[in-house]
Amino acid sequence: MSTEPMELRIREVAQRLFFEQGFAATSTTQIANEVGCTQALVHYYYRTKENLFRQIFIEQIEAAFNVISRSLAGDQSFDSFLEKAISMYFDALMANPRLPHFVLEELVSNPERRKYLRENFVKKPTYAIIYMQFEARVKAEQQAGRLAKVDPFDIMISVASLTVFTFVMLPMYQDLLARTDEQVQEFIRHRKKEITRLVIQGLKP
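For the structure given in this document, a descriptive report is provided here. Fair warning: this is a prediction, and the values are worked out from it, not measured in the lab.

What about the overall build of the protein?
Assigned secondary structure in the protein consists of eleven helices and zero strands. Scanning the protein from its N terminus toward the C terminus, one meets helices and strands in the order α-α-α-α-α-α-α-α-α-α-α. Considered along the principal axes of its C-alpha atoms, the protein spans approximately 60 × 45 × 35 Å. Counting all 205 residues of the protein, 41% fall into the buried class. With the model as given, the accessible surface of the protein reaches about 11,700 Å², and the carbon-plus-sulfur share is 56%. For the protein, the distance from the average position of its 26 positive side-chain charges to the average position of its 25 negative side-chain charges is 3 Å.

Next comes the structure, spelled out in structure tokens:
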């Protein structure tokens, strides 16, 4: 019998608990109890809680960055690329709205986590190439006079911060203003359109 489903189940449960509680508050005992396996089996597949966490952490960071790569594919205008990238980014976070809290908490509070991310993600040639492709596209648009003279990295930071903050403040939006789940979903759809409009208009020369 294949052992892959159990390994995958452990990772799925661990991801949910890490997102809900954070790394420190989640134990391998709790993960094992929720999976319905032994703690020894969790360690068999992932050795330590830290190793399990790192796999999930890098996987989530890579998924977010790969949105840019997928958005760059195809022959389309720069406005269409931005609209597609923002839409895909929103859709990814809508499927996992706790992700921004999870990533921000770990990166802000844990310098070792930042070091690990730099060594195992930022320095990877694959992601450097994706950024270089994005940078080349921006510069080509600027040379053609279709885009304002803005640093490509600033564009990425603006899109990421506007999008991520929408999800970071969702609990406050829902609880303080007593919004229903349906109203929250409508607010997210509205923010997707508004951020797309703001970014595209703000980059016009």
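Quick notes on the packing of helix α4 (residues 49–72) against helix α8 (residues 125–143)
Across the interface, α4 lies against α8 with an axial gap of 10 Å and an inter-helix angle of 40 degrees. Here α4 is positioned oblique relative to α8, judged by the angle of their axes. Relative to α8, the crossing made by α4 is left-handed. In this structure, α4 contributes Glu-62, Phe-65, Asn-66, Ile-68, Ser-69 and Leu-72 to the contact, and α8 contributes Tyr-127, Ile-130, Tyr-131, Gln-133 and Phe-134. Residue composition of the contact of α4 with α8, by class: seven nonpolar, three polar and one charged.

Remarks on the pattern of salt bridges
Scanning the entire structure with this criterion turns up 13 salt bridges. Residues Arg-16 and Glu-20 are paired through a salt bridge, measuring 3.6 Å at the closest nitrogen-oxygen approach. In this pair, Arg-16 and Glu-20 are both assigned in helix α1 (residues 4–21), four residues apart and thus about one turn of the helix distant. We classify Arg-16 as partly exposed; its relative accessible area is 33%. A salt bridge links Arg-189 to Glu-186, with the nearest nitrogen and oxygen atoms 3.1 Å apart. Of this pair, Arg-189 and Glu-186 both sit in helix α11 (residues 181–202), separated by three residues, roughly a single helical turn. By relative accessible area, which is 40% here, Arg-189 ends up partly exposed.

As for the side chain of Glu-141
Tracing the chain through its elements places Glu-141 in helix α8. For Glu-141, the contacting residues outside a window of four places in its chain are Phe-78, Arg-146 and Leu-147.

Describing unusual backbone geometry
With a phi angle near 70 degrees, Arg-47 is a residue other than glycine that sits in the positive phi range. In this structure, Ala-178 is a non-glycine residue whose phi angle is positive, near 55 degrees. Taking the relative accessible area as the measure of exposure, Ala-178 reaches 61% and is therefore exposed.

Points about the nonpolar core
The tendency in soluble globular proteins is for nonpolar side chains to be buried side by side. In terms of nonpolar packing, the biggest core is built from 59 residues, with Ile-10, Phe-18, Ile-31, Leu-52 and Phe-134 touching the most fellow members. For this core, the element with the highest residue contribution is α4, accounting for ten residues. Other than its neighbours up to four places away in sequence, Phe-18 contacts Phe-23, Thr-26, Ile-31, Lys-49, Leu-52, Phe-53, Ile-56 and Phe-102.

Each value, and the rule that gives it
- Residues numbered from 1 in each chain as written.
- Predicted model: local features only at pLDDT ≥ 70, side-chain atom pairs only at ≥ 80, totals over all residues.
- Heavy atoms only, no water.
- Helix = DSSP H or I, 4+ residues; strand = E, 2+ residues; numbered from the N terminus.
- Buried < 20%, exposed > 50% of the residue type's maximum accessible area, 1.4 Å probe, protein only.
- Areas by Shrake-Rupley, 256 points an atom, 1.4 Å probe, with all protein chains shown as cover.
- Lys, Arg positive; Asp, Glu negative; His and termini not counted.
- Charge placed at Lys NZ, Arg CZ, Asp CG, Glu CD.
- Axes fitted to C-alpha atoms, helices over the stretch in contact; angles between N-to-C directions.
- Parallel < 35°, antiparallel > 145°, perpendicular 65-115°, else oblique.
- Left-handed = near helix turned anticlockwise from the far one by under 90°.
- Contact = heavy atoms within 4.5 Å.
- Nonpolar A, V, L, I, M, F, W, Y, C, P; charged D, E, K, R; others polar.
- Salt bridge = Lys/Arg side-chain N within 4 Å of Asp/Glu carboxyl O.
- Core = buried A, V, L, I, M, F, W, Y, C linked by side-chain atoms within 4.5 Å.

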